[in-house]
Amino acid sequence: MSLSTKFRVRPEDKVDLDHLDADWKPKGMDRAEAEEKFAQLTTRLQDLQHMMYAEDKRSLLVVLQGRDAAGKDGTIRHVFGPMNPQGCKVTSFKVPSKLEASHDFLWRCHLAAPRRGQVGIFNRSHYEDVLVVRVHDLVPEARWKARYEHINNFERLLADSGTTVLKFMLHIDRDEQLERFRKRIDKPHKNWKISDADYSERRYWDDYTKAFSDVLRRCSRDEAPWFVIPSNRKWARNFAIASIVAETMEGLGMAFPEPTVDMDEIKRMYHEAENAE
């Protein structure tokens, strides 16, 4: 079974995050073997991104969601960091600015969607408006409930316009989150990541679990599937996501475009220039 099949949420599936093992590791593969294969995958992803950029016919949007300290930044750095920045853009969605808040909730996300030839990565996304907004009761229930359909329609529009959409929910358990918070305290170079919300949000763990479960059930569609990635082991997380992205991009049937010049004439001119030296 491919990892795309193993971790994919089918439409209307009910995902019980409380009973989903966040400690998964690839079967029959230790960390060293997985990291060796991961290195090969990142090289392959570079080649596939280069082909997408050259072809200029389609784009890829990767959405990363998860609880605090789930590993969104780490995933971006390790899986997508090797890609050429010329064809890859990361957008982080924080509290909406005054300008963003003056538009509909999807405006800023549509503005950041990748154009043809590009890979776009959302660090958090439009799903914040049915996660944190729901948990903290920031808008009436009727309003955030209506957003599931708006989100599905938005992602369908992207897909119909040539954007492949992959969404990854990085799943960690309570103990792992607390351990990662401890490391932020103990390691000075990680102190900058600490916020009051790290701990205040933990009291809403069960509320977020329900909110994530509804997102996965209501918004995983064939044109924009969700994948729940066990993420306690960072190396296993990176391997799984890189595998799914590479498999998806390989299935797009991309090809380098044909040259726009007469190659025989170009070769003739090259050899003339070479002989003239």
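Residues numbered from 1 in each chain as written. Predicted model: local features only at pLDDT ≥ 70, side-chain atom pairs only at ≥ 80, totals over all residues. Heavy atoms only, no water.

A.B. asks: Residues and numbers for the pattern of salt bridges, please.
C.D. replies: Enumeration over the complete set of coordinates arrives at 20 salt bridges. Across the salt bridge formed by Arg182 and Glu179, the nearest N and O atoms sit 2.5 Å from each other. Remark: Glu179 and Arg182 occur in helix α8 (residues 174-186); sequence separation between them is three residues, near one turn of the helix. When its relative accessible area of 39% is taken as the criterion, Arg182 is described as partly exposed. Among the charged side chains, a network of salt bridges with common partners joins Glu12, Arg134, Asp214, Arg217 and Arg221. (Salt bridge = Lys/Arg side-chain N within 4 Å of Asp/Glu carboxyl O. Helix = DSSP H or I, 4+ residues; strand = E, 2+ residues; numbered from the N terminus. Buried < 20%, exposed > 50% of the residue type's maximum accessible area, 1.4 Å probe, protein only.)

A.B. asks: Could you give an account of the pairing of strand β5 (residues 163-171), with specific residues and numbers?
C.D. replies: Of all nine residues in β5, nine are buried; the element is thus mostly enclosed. Burial along β5 is two-sided: Thr163, Val165, Lys167, Met169 and His171 facing one way and Thr164, Leu166, Phe168 and Leu170 facing the other are all buried. By the bridge criterion, eight bridges tie strand β2 (residues 59-66) to β5 in an arrangement that is parallel. Paired with Ser59 across the strands is Thr163, a residue of β5. In this sheet, strand β6 (residues 226-230) lies alongside β5 in parallel orientation, the contact comprising five bridges. By the bridge assignment for β6, Leu170 is matched with Ile229. (Pairing = 2+ DSSP bridges.)

A.B. asks: Quick rundown of the packing of aromatic side chains? Include the residues and the values.
C.D. replies: Enumeration according to the criterion identifies five aromatic pairs in this entry. Relative to Phe122, the ring of Phe93 lies with its centre 4.8 Å away and its plane at 75°, an arrangement referred to as edge-to-face. Remark: Phe122 occurs in strand β4 (residues 119-123) and Phe93 occurs in the loop between β3 (88-92) and α4 (98-101); sequence separation between them is 29 residues. In this structure Phe122 comes out as buried when scored by relative accessible area, which is 1%. (Phe/Tyr/Trp six-rings, centres within 6.5 Å; stacked < 30°, edge-to-face > 60°.)

A.B. asks: Which residues make up unusual backbone geometry, and what values go with them?
C.D. replies: Backbone geometry follows two general trends: most residues other than glycine have a negative phi, and most peptide bonds adopt the trans configuration. You will see that Ala69, though not glycine, has its phi angle at about 70°, which is positive. Its place among the elements puts Ala69 in the loop between β2 and α3 (72-80). Its relative accessible area of 13% is what places Ala69 among the buried residues. Backbone geometry places Arg124, a non-glycine residue, at a positive phi of 65°.

A.B. asks: Just give me the short version of helix α7 (residues 141-160), but keep the residues and values in it.
C.D. replies: Here α7 is 20 residues long and its end C-alpha atoms lie 30 Å apart, about the 28 Å a rise of 1.5 Å per residue gives. Its maximal kink placed at Tyr148, α7 deviates by approximately 25°. Structurally, α7 contributes buried residues whose contacts are with β2, α5 (107-112), α6 (132-135), β5 and α10 (205-219). Following α7 by one or two positions, Gly162 has its phi on the positive side, about 100°. (Expected span 1.5 Å × (residues − 1). Bend = angle between axes of the 7 residues up to and from the residue. Contact = heavy atoms within 4.5 Å.)

A.B. asks: Outline the side chain of Ser4, supporting the account with residue identities and numerical values.
C.D. replies: Relative to the assigned elements, Ser4 resides in helix α1 (residues 3-7). Residue classification places Ser4 among the buried residues on the basis of a relative accessible area of 11%. Once residues lying within four places of it in the same chain are set aside, the contact partners of Ser4 are Phe227, Ile244 and Glu247.

A.B. asks: With reference to specific residues and values, describe the environment of Ile266.
C.D. replies: Considering the arrangement of structural elements, one finds Ile266 in helix α12 (residues 263-276). For Ile266, a relative accessible area of 39% gives the class partly exposed. C-alpha of Ile266 to C-alpha of Glu179: the two residues are 87 residues apart in sequence and 60 Å apart in space.

A.B. asks: Residues and numbers for the sheet that holds β2, please.
C.D. replies: Reading across from one edge, β1-β6-β5-β2-β4-β3 is the order of the six strands in this open sheet, with mixed pairing throughout. The outermost strands of the open sheet, each flanked by one partner alone, are β1 (8-9) and β3. Sheet topology note: the β2/β4 ladder contains five bridges and is parallel. Within β4, the residue paired with Leu64 across the bridge is Asn123. Seen against the sheet, α7 touches β2 and β5 and runs at an angle of roughly 135° to β5. The sheet contacts of α10 involve β1, β2, β5 and β6, and relative to β6 the element is tilted by about 140°. (Axes fitted to C-alpha atoms, helices over the stretch in contact; angles between N-to-C directions.)

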